Amino acid sequence: MTIGFKKSSCVKEIEKLQEKREKRRLQQQELRWKRAQEVVVNSPNHEILCMIRDFRASLDYRPLTDHDPVQIDEHRICVCVRTRPLNKKELAMKDLDVTTVPSKDVVMVHEPKQKVDLTRYLENQTFRFDYAFDENSTNEMIYS
């Protein structure tokens, strides 16, 4: 025999708010992705942005998500890093996001370089941490 408990209206409302928040976050993420894809060809950073996009397309992304079971090892020190999205001022200056978080413990920084013959290329530096979070990670996920 099972006893069914009815959810209060307050709990139902909170669940609705959480669902709406998740939908908004997904929409914002899609919008950011679309904006990133819309490259202004006249931009001085067009070539670099294309190189970064091509490099990211070759990566196997496995960042942490809210649904991943996280094993937290007990250490005295745990080093975590979180990247942030570009702010309005940086976007207005047509700056580029040169960081990539391909997995739960790696951050890559793409540094544009120029050879002696003036050809441009990317130097991709990899940094490893205990945990790495991208700009889409929630505060709850990071602090848990």
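Residues numbered from 1 in each chain as written. Predicted model: local features only at pLDDT ≥ 70, side-chain atom pairs only at ≥ 80, totals over all residues. Heavy atoms only, no water.

1. Things to note about the overall build of the protein
Okay, so step 1: The helix and strand inventory of the protein stands at four helices and five strands.
Okay, so step 2: Every one of the 144 residues in the protein was classed for burial, and the buried ones make up 17%.
Okay, so step 3: Long-range pairs, those at least 24 residues apart, make up 61% of the contacts in the protein between residues at least 6 apart in sequence.
Okay, so step 4: By element, 54% of the accessible surface of the protein is carried by carbon and sulfur atoms, the whole surface being about 11800 Å². (Helix = DSSP H or I, 4+ residues; strand = E, 2+ residues; numbered from the N terminus. Buried < 20%, exposed > 50% of the residue type's maximum accessible area, 1.4 Å probe, protein only. Contact = heavy atoms within 4.5 Å. Areas by Shrake-Rupley, 256 points an atom, 1.4 Å probe, with all protein chains shown as cover.)

2. A look at a positive patch on the surface
Okay, so step 1: A grouping of Lys6, Lys12, Lys16, Lys20, Arg21, Lys23 and Arg24 is seen on the molecular surface, where their side chains present a positively charged patch.
Okay, so step 2: The class for Lys6 is exposed, based on a relative accessible area of 78%. (Patch = residues over 30% accessible without salt bridge, like charges linked within 9 Å, V, L, I, M, F, W, Y side chains within 5 Å. Salt bridge = Lys/Arg side-chain N within 4 Å of Asp/Glu carboxyl O. Lys, Arg positive; Asp, Glu negative; His and termini not counted. Charge placed at Lys NZ, Arg CZ, Asp CG, Glu CD.)

3. Describing the environment of Asn136
Okay, so step 1: On the secondary structure map, Asn136 appears in the loop between strand S5 (131–133) and helix H4 (139–143).
Okay, so step 2: Residues Asn136 and Thr83 lie 53 residues apart in sequence; the distance between their C-alpha atoms is 8.9 Å.
Okay, so step 3: Apart from the residues lying within four places of it in its own chain, the contact partners of Asn136 are Gln29 and Arg32.

4. Digging into the confidence of the model for the protein
Regions with low pLDDT carry predicted coordinates that are not meant to be interpreted in detail.
Okay, so step 1: Overall, the prediction assigns the protein a mean pLDDT of 79, with 79% of residues at 70 or greater.
Okay, so step 2: No element of the protein has a lower mean pLDDT than helix H2 (residues 46–58), at 77, and none a higher one than strand S1 (residues 80–82), at 89. (pLDDT = per-residue confidence, 0-100.)

5. Description of the pairing of strand S4 (residues 120–128)
Okay, so step 1: Alignment of strand S3 (residues 106–114) against S4, held across nine bridges, turns out to be antiparallel. Of the residues in S4, the one forming a bridge with Gln114 is Arg120. (Pairing = 2+ DSSP bridges.)

6. Topic: the packing of aromatic side chains
Aromatic ring pairs are described here by two measures, namely the spacing of the ring centres and the angle between the planes.
Okay, so step 1: Enumeration over the complete set of coordinates arrives at zero aromatic pairs.
Okay, so step 2: The aromatic ring of Tyr121 is capped on one face by Lys115, whose charged end is 5.6 Å from the ring centroid. (Phe/Tyr/Trp six-rings, centres within 6.5 Å; stacked < 30°, edge-to-face > 60°. Lys NZ or Arg CZ within 6 Å of the ring centre and 35° of its normal.)

7. Regarding the pattern of salt bridges
Okay, so step 1: Tallied over the entire structure, the rule returns five salt bridges.
Okay, so step 2: Put simply, Glu111 and Lys113 hold a salt bridge, and the shortest N to O gap is 3.6 Å.
Okay, so step 3: What makes Glu111 partly exposed here is its relative accessible area of 30%.

8. Re the sheet that holds S4
Okay, so step 1: Pairing is antiparallel in the open sheet, where three strands are placed in the order S2-S3-S4. The open sheet is flanked by strand S2 (99–103) and S4, the only strands paired with a single partner. Across the sheet, the axes of successive neighbouring strands diverge by a mean angle of 30 degrees, strand direction being ignored.
Okay, so step 2: Summarising the sheet, S2 and S3 pair through three bridges and their orientation is antiparallel. Each residue of the ladder has a partner; that of Ser103, found in S3, is Val106.
Okay, so step 3: Strands S2, S3 and S4 of the sheet are contacted by H2, whose axis makes an angle of about 45 degrees with S4. (Axes fitted to C-alpha atoms, helices over the stretch in contact; angles between N-to-C directions.)

9. A word on the side chain of Asp134
Okay, so step 1: Tracing the sequence through the fold places Asp134 in the loop between S5 and H4.
Okay, so step 2: Although Asp134 lies buried, it forms no salt bridge, and the closest oppositely charged side chain, Arg82, sits 7.0 Å away as judged by the N-O distance.
Okay, so step 3: Within the structure, Asp134 has its side chain in polar contact with the side chain of Ser137 (distance 3.2 Å). (Polar contact = N/O pair within 3.5 Å; in protein donor to acceptor, adjacent residues only side chain to side chain.)

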